[in-house]
Amino acid sequence: GLTHLYGFSDIPAARECFEKILEKSPGDPTALTHLGIAECMSGNFEGALALYEKALSAAPAYLDAQNNKANALKAMGRLDEAIALCEKVRARNPLDPEVHNNIAMALLEAGRFAEGWREYEWRWKTAHLKPAARTCSQPLWQGEEGRGRTLLIYAEQGLGDMLQFCRYVPLAAERGWKVVLEVQPELLSLMKSLDGAHAAFCTGKVMLPFDSQCPAMSLPLALGTEPDTIPAKIPYLAADAEKTRAWAKRISPTPDSLNVGLVWTGNSCLFSADLSAANVRRSLPPDALAPLKDLANVRFFSLQKNGYPLTGGPELTDCMSECADFSDTAALAANMDLIVSVDTSVAHLAGALGKPVWLLNRFDTCWRWMRGRDDSPWYPTMKIFRQPAPGQWAPVIQRVLQELEKRAAAPDQASS
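Residues numbered from 1 in each chain as written. Predicted model: local features only at pLDDT ≥ 70, side-chain atom pairs only at ≥ 80, totals over all residues. Heavy atoms only, no water.

So, helix α4 (residues 45-58)
Right, so step 1: Over its 14 residues, α4 extends 20 Å from the first C-alpha to the last, a length consistent with the 20 Å expected when each residue adds 1.5 Å.
Right, so step 2: Looking at the buried side of α4, the elements it contacts are α3 (29-41), α5 (63-75) and α13 (273-282).
Right, so step 3: Capping of α4 at its N-terminal end is provided by Asn44; its side-chain oxygen lies 3.0 Å from the backbone amide nitrogen of Gly47. (Helix = DSSP H or I, 4+ residues; strand = E, 2+ residues; numbered from the N terminus. Expected span 1.5 Å × (residues − 1). Contact = heavy atoms within 4.5 Å. Polar contact = N/O pair within 3.5 Å; in protein donor to acceptor, adjacent residues only side chain to side chain.)

What to know about the sheet that holds strand β6 (residues 298-302)
Right, so step 1: Judged by pairing direction, the sheet is parallel, and its six strands sit side by side in the order β7-β6-β5-β8-β9-β10 without closing on themselves. Strand pairing shows two members of the sheet lacking a second neighbour, β7 (316-317) and β10 (382-386), which therefore form its edges.
Right, so step 2: When strand β5 (residues 258-263) meets β6, the two strands line up parallel, connected through five bridges. Bridge assignment links Val260 to a residue of β6, and that residue is Phe300. (Pairing = 2+ DSSP bridges.)

A short note on the sheet that holds strand β2 (residues 178-183)
Right, so step 1: The sheet built from four strands is open, its strands ordered β3-β2-β1-β4 with parallel pairing. Bordering the open sheet on either side are β3 (197-202) and β4 (212-215), each of which pairs with just one other strand. On average, each strand axis in the sheet is inclined to that of its neighbour by 20 degrees, with strand direction left out of account.
Right, so step 2: Bridge count for β2 against β3 is five bridges, and the pairing is parallel. Within β3, the position partnered with Glu182 by the bridge is Phe201. (Axes fitted to C-alpha atoms, helices over the stretch in contact; angles between N-to-C directions.)

Describing the confidence of the model for the protein
Right, so step 1: Scored by pLDDT, the protein has a mean of 93; 96% of the residues are at 70 or more.
Right, so step 2: Low pLDDT, under 50, characterises residues 1-8; the stretch is placed with 18 contacts to residues that sit more than four places away or in other chains. (pLDDT = per-residue confidence, 0-100.)

Some remarks on the pattern of salt bridges
Right, so step 1: What the rule picks out here adds up to 21 salt bridges.
Right, so step 2: Across the pair Asp161 and Arg368 runs a salt bridge whose closest N-O atoms are separated by 2.9 Å. Here Asp161, found in helix α9 (residues 159-165), pairs with Arg368, found in the loop between β9 (357-361) and β10; they are 207 residues apart in sequence, far enough to count as distant. The pair formed by Asp161 and Arg368 is uniform in burial state, with each residue classed as buried.
Right, so step 3: Taking the shortest distance from any N to any O, the salt bridge between Lys243 and Asp328 comes out at 3.0 Å. Taken together, the residues Lys243 in helix α12 (residues 241-251) and Asp328 in helix α14 (residues 326-333) connect sequence positions 85 residues apart.
Right, so step 4: When salt bridges with common partners are traced through the structure, they connect Arg281, Asp343, Arg362 and Asp364 into a single cluster. (Salt bridge = Lys/Arg side-chain N within 4 Å of Asp/Glu carboxyl O. Buried < 20%, exposed > 50% of the residue type's maximum accessible area, 1.4 Å probe, protein only.)

Describing α12
Right, so step 1: Thr244, Trp247 and Ile251 are the residues of α12 that are buried. Projected down its long axis, α12 shows its buried positions confined to an angular sector of 60 degrees, all on one face. Among the exposed residues of α12, those pointing more than 90 degrees away from its buried face are Glu242, Arg245 and Lys249.
Right, so step 2: Against the buried residues of α12 lie β6 and α14.
Right, so step 3: One or two residues past the end of α12 sits Ser252, with phi positive at roughly 50 degrees. (Arc of directions from axis to C-beta.)

Details of unusual backbone geometry
Right, so step 1: Cis geometry marks the peptide bond from Ile234 to Pro235, where omega comes out at 0 degrees.
Right, so step 2: Residue placement: Pro235 occurs in the loop between α11 (219-222) and α12.
Right, so step 3: In this structure, Arg147 is a non-glycine residue whose phi angle is positive, near 50 degrees.
Right, so step 4: You can see Arg147 is positioned in the loop between α8 (113-120) and β1 (150-154).
Right, so step 5: You can call Arg147 exposed: its relative accessible area is 67%.
Right, so step 6: We note that Asn297 has phi near 60 degrees; this positive angle belongs to a residue other than glycine.
Right, so step 7: Note that Asn297 resides in the loop between α13 and β6.

Re the side chain of Asp364
Right, so step 1: With respect to the element layout, Asp364 can be found in the loop between β9 and β10.
Right, so step 2: Here Asp364 falls in the buried class, since its relative accessible area comes to 8%.
Right, so step 3: A distance of 2.9 Å separates polar atoms of two side chains, one belonging to Asp364 and the other to Arg281.
Right, so step 4: What Asp364 contacts, discounting residues up to four positions off in sequence, is Phe45, Ala75, Arg281 and Arg371.

Regarding the nonpolar core
Right, so step 1: In terms of nonpolar packing, the biggest core is built from 64 residues, with Trp141, Met162, Met191, Leu237, Trp367 and Trp378 touching the most fellow members.
Right, so step 2: When residues in this core are grouped by element, the largest group, six residues, is from helix α15 (residues 345-353). (Core = buried A, V, L, I, M, F, W, Y, C linked by side-chain atoms within 4.5 Å.)

The structure is reproduced here in structure tokens:
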């Protein structure tokens, strides 16, 4: 892939490299495919699709081109076509974990959970996650009763993933398991508010023996989750009451104004070319929030940790340097009437706390937000504002502006 060819995230250099190859060999399917990957990472999905099709016209059986064409179709929302092509590729290459992982993402985004969760178990053999895969002598939990035995549930990927899937801990406890949680250090204090957890430890520091184990994102498979059976008892996490009161005194949120928390970028993910490029697509340009600058009766608070500064945006109260972990962020968020966030961990935090949250979502959505809806079965208090086309944030912010004007005019309806 591109990571091995030109470093971590230098997409323009990759594009230039493959364009030079194509000047000498215009029909080279490998160069066409890799140029397509560069275009896809840049958000030019139509251009990428055209390049993959050109590569396949030269080499119809070229699996890399077929697989990446399926990814482009998925990014464009053409899920049925993406799944059909993935299945074709899987039939020819049934042991390729990347193929299985790709079809899992498309199936889950399409709401075909039963098939999607099964395919998603292949993630541990992909290049991205294979180094993090665990070898445990204890069996993988598959939903059976616990009868007092101990179950280890552990974080496996991002902070947002753990915030989303820790909702399953109470269900495991209801089945008779003594649940031990292993989570990222940033989440440890917050997880004390989660029902059903017997104990929680930082990653790599579990101090109790256990009988079965389950990575967090295998929990939906273990419990047979379908879109209409997602456990969405909200809130399932809670901000610390003392910290919440301390923040209220510190920032003095006013009842006659709409108090809005803002998050405009995710983690840069520089360790991965794909994730770094996806972060660029999910994050707002520095000047994107400028239209919100002159809103009346709205106070904006930063919930952004380690992000770039906004340009010409609304005036912000920024106390995030005082937030050591997600317990502190949760307490600050608890003082907000509304949280407006790109697709990153704070959006999951807000949803888990039961706070009204508006998700600013890129066109090539993550599977969990699905397609064709402005709500989420994972978070009943969430409203989704989607890009109408790749890279188009202006229409999203315009809709947010209009909705904020309505809420500011009627603060008692901020939660709608």
